[in-house]
Amino acid sequence: MTETRTVRIVHAGCVHGHFEELYDDVAALEKLHGPIDCVVITGDAQTFRSPEDLEGFAAPRKYHQLGTFHKFKDNAPYPTLFVGGNHEAYNWLLDHTDGGEIAPNIHYMGRCGGYLLKGVRFVGVSGIYNKRSYDKPLTEKAPLNRSNLKSVYHVRRWHELAMSTYAGILNLEGQKTDIFMTHDWPKWVQGRKATNLNEDVRACRLENTITSRLHRLFEPDYALAAHMHYVHSSQHRRLGIQFEAVTKYRDPVQSQQDRLYNTVKLVEIETTASGPGSLTIDPLWEKTLDVYREFVETVPSLIPEIRPTDISF
């Protein structure tokens, strides 16, 4: 008989460098609910190792604070996975566009990708949607400057294409997706007539149309996001996807009681699937990258005006 296991995941968003408080909160949740298997951060983690990393940070100078990530860069107390937001150490993260372990026990999803842990599949897309950048080539390189400090975190058509390929491979293999991570919200959440969205959130209309399309392809159990600094839960009426958004860690830091209610949320996944005991890049995502790179090499012969450097990531 196949054993059902509970995998406990703590969702945090917009940590803004407050890793010390984050891990204190995870420890508090662990006392209440039992062992925590993983922490996921849906953007604006701000993994600054030193003041030099702040040079690639798209934010006004008053927000250029080192934070406490550097205290955990040699050993994080919990396996941690994050997608990039619009306020990150991108000069450094550009060295890890395919994702991977950027510090012991801390993993970056990359521009997009997939991870496995104890039978749970996490997929995600870093950055935010910007209509003007969607069809632009991926030319941003470190060190970033004024002209590309913001465009570096805009999602491109090529990310959607790679993720659509990934979804197709998962479907062919009969594999499911448990958690889909993004920074900004999918259009289907803000586009619906939800009664529990306040007027400020409605007015922002930060609608990621790419995520909405990808949700239809992956059909995850959970869709997690942040960005708008607003706590929200809703469910996709047709697909049954449970959407969860949490608010930010801020200065001065909130009380832990407030943080446990607003800035972190426990997600429990019941699974019978087997999988690696530590965060591991999904082999089917690696297969997707192989297919995509073959496509990148082939496209210029079909469309001469497109260069491989324009669409590779």
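Up top is the structure these notes are about.
Since this is a predicted model, take the numbers as computed values, not measurements. (Residues numbered from 1 in each chain as written. Predicted model: local features only at pLDDT ≥ 70, side-chain atom pairs only at ≥ 80, totals over all residues. Heavy atoms only, no water.)

A. Region of the structure containing the overall build of the chain. From N to C terminus, the chain includes 9 helices and 13 strands. Looking at the chain as a whole, 55% of its 313 residues are labelled buried. In the chain, the share of contacts with a sequence separation of at least 24, taken over all contacts with a separation of at least 6, comes to 73%. (Helix = DSSP H or I, 4+ residues; strand = E, 2+ residues; numbered from the N terminus. Buried < 20%, exposed > 50% of the residue type's maximum accessible area, 1.4 Å probe, protein only. Contact = heavy atoms within 4.5 Å.)

B. A look at a negative patch on the surface. The grouping of Glu 286, Asp 290, Glu 294 and Glu 297 at the surface amounts to a negative patch. Of note, Asp 290 is situated in helix 8 (residues 283-302). (Patch = residues over 30% accessible without salt bridge, like charges linked within 9 Å, V, L, I, M, F, W, Y side chains within 5 Å. Areas by Shrake-Rupley, 256 points an atom, 1.4 Å probe, with all protein chains shown as cover. Salt bridge = Lys/Arg side-chain N within 4 Å of Asp/Glu carboxyl O. Lys, Arg positive; Asp, Glu negative; His and termini not counted. Charge placed at Lys NZ, Arg CZ, Asp CG, Glu CD.)

C. Highlighting the pattern of salt bridges. One pass over the full model with this rule turns up 13 salt bridges. Here Asp 37 and Lys 118 are joined by a salt bridge, their closest N and O atoms 2.6 Å apart. One end of the pair, Asp 37, is in the loop between helix 1 (19-33) and strand 2 (38-42); the other, Lys 118, is in the loop between strand 6 (112-117) and strand 7 (120-125), and 81 residues separate them in sequence. Here the salt bridges do not stand alone but share partners, grouping Lys 176, Asp 178 and Asp 221 into one network.

D. Main features of the side chain of Glu 88. Position of Glu 88 relative to the elements: it lies in the loop between strand 3 (80-83) and helix 2 (90-93). Buried and unpaired, Glu 88 has no salt bridge, with Arg 49 as the nearest side chain of opposite charge at 12 Å. Of note is the side chain of Glu 88, whose polar atom sits 2.5 Å from the backbone nitrogen of Asp 44. Ignoring sequence-local partners within four residues, the contact set of Glu 88 consists of Gly 43, Asp 44, Ala 45, Gln 46, Thr 47, Phe 48, Gly 56, Phe 57, Val 83 and Leu 93. (Polar contact = N/O pair within 3.5 Å; in protein donor to acceptor, adjacent residues only side chain to side chain.)

E. Inspection of the packing of helix 3 (residues 157-172) against helix 6 (residues 209-218) at higher detail. The interhelical angle for the contact between helix 3 and helix 6, taken along N-to-C directions, is 10°, at an axis separation of 9 Å. Our classification of the angle between helix 3 and helix 6 gives roughly parallel. Residues Glu 160, Met 163, Ser 164, Tyr 166, Ala 167, Leu 170 and Asn 171 of helix 3 pack against Ile 210, Arg 213, Leu 214, Leu 217 and Phe 218 of helix 6. (Axes fitted to C-alpha atoms, helices over the stretch in contact; angles between N-to-C directions. Parallel < 35°, antiparallel > 145°, perpendicular 65-115°, else oblique.)

F. Structural view of unusual backbone geometry. Going from Ala 142 to Pro 143, the amide bond is cis rather than trans, its omega being 0°. Within the fold, Pro 143 resides in the loop between strand 7 and helix 3. One non-glycine residue, Cys 14, lies in positive phi territory at about 50°. The residue Cys 14 is located in the loop between strand 1 (5-12) and helix 1 in this model. Positive phi is not limited to glycine here, since Glu 219 has a value of about 45°.

G. Quick peek at the sheet that holds strand 2. Strand order in the open sheet formed by 6 strands is 4-5-3-2-1-12, and the pairing between neighbours is mixed. Of all the strands in the sheet, just strand 4 (100-103) and strand 12 (264-271) have a single pairing partner and so form its edges. Within this sheet the neighbouring strands show an average axis-to-axis angle of 30°, counted without direction. Where strand 1 and strand 12 come together, 8 bridges link them in antiparallel fashion. Among the inter-strand pairings, Ile 9 is bridged to a residue of strand 12, identified as Val 267. (Pairing = 2+ DSSP bridges.)

H. Molecular detail of the environment of Arg 156. On the secondary structure map, Arg 156 appears in the loop between strand 7 and helix 3. For the pair Arg 156 and Lys 136, spaced 20 residues apart in sequence, the C-alpha to C-alpha distance is 7.0 Å. Among all residues touching Arg 156, those that are not within four sequence positions of it are Ser 133, Tyr 134, Lys 136, Pro 137, Leu 138, Glu 140 and Ser 151. A polar atom in the side chain of Arg 156 sits 2.7 Å from the backbone oxygen of His 154.

Coordinates in, geometry out; function isn't part of it.
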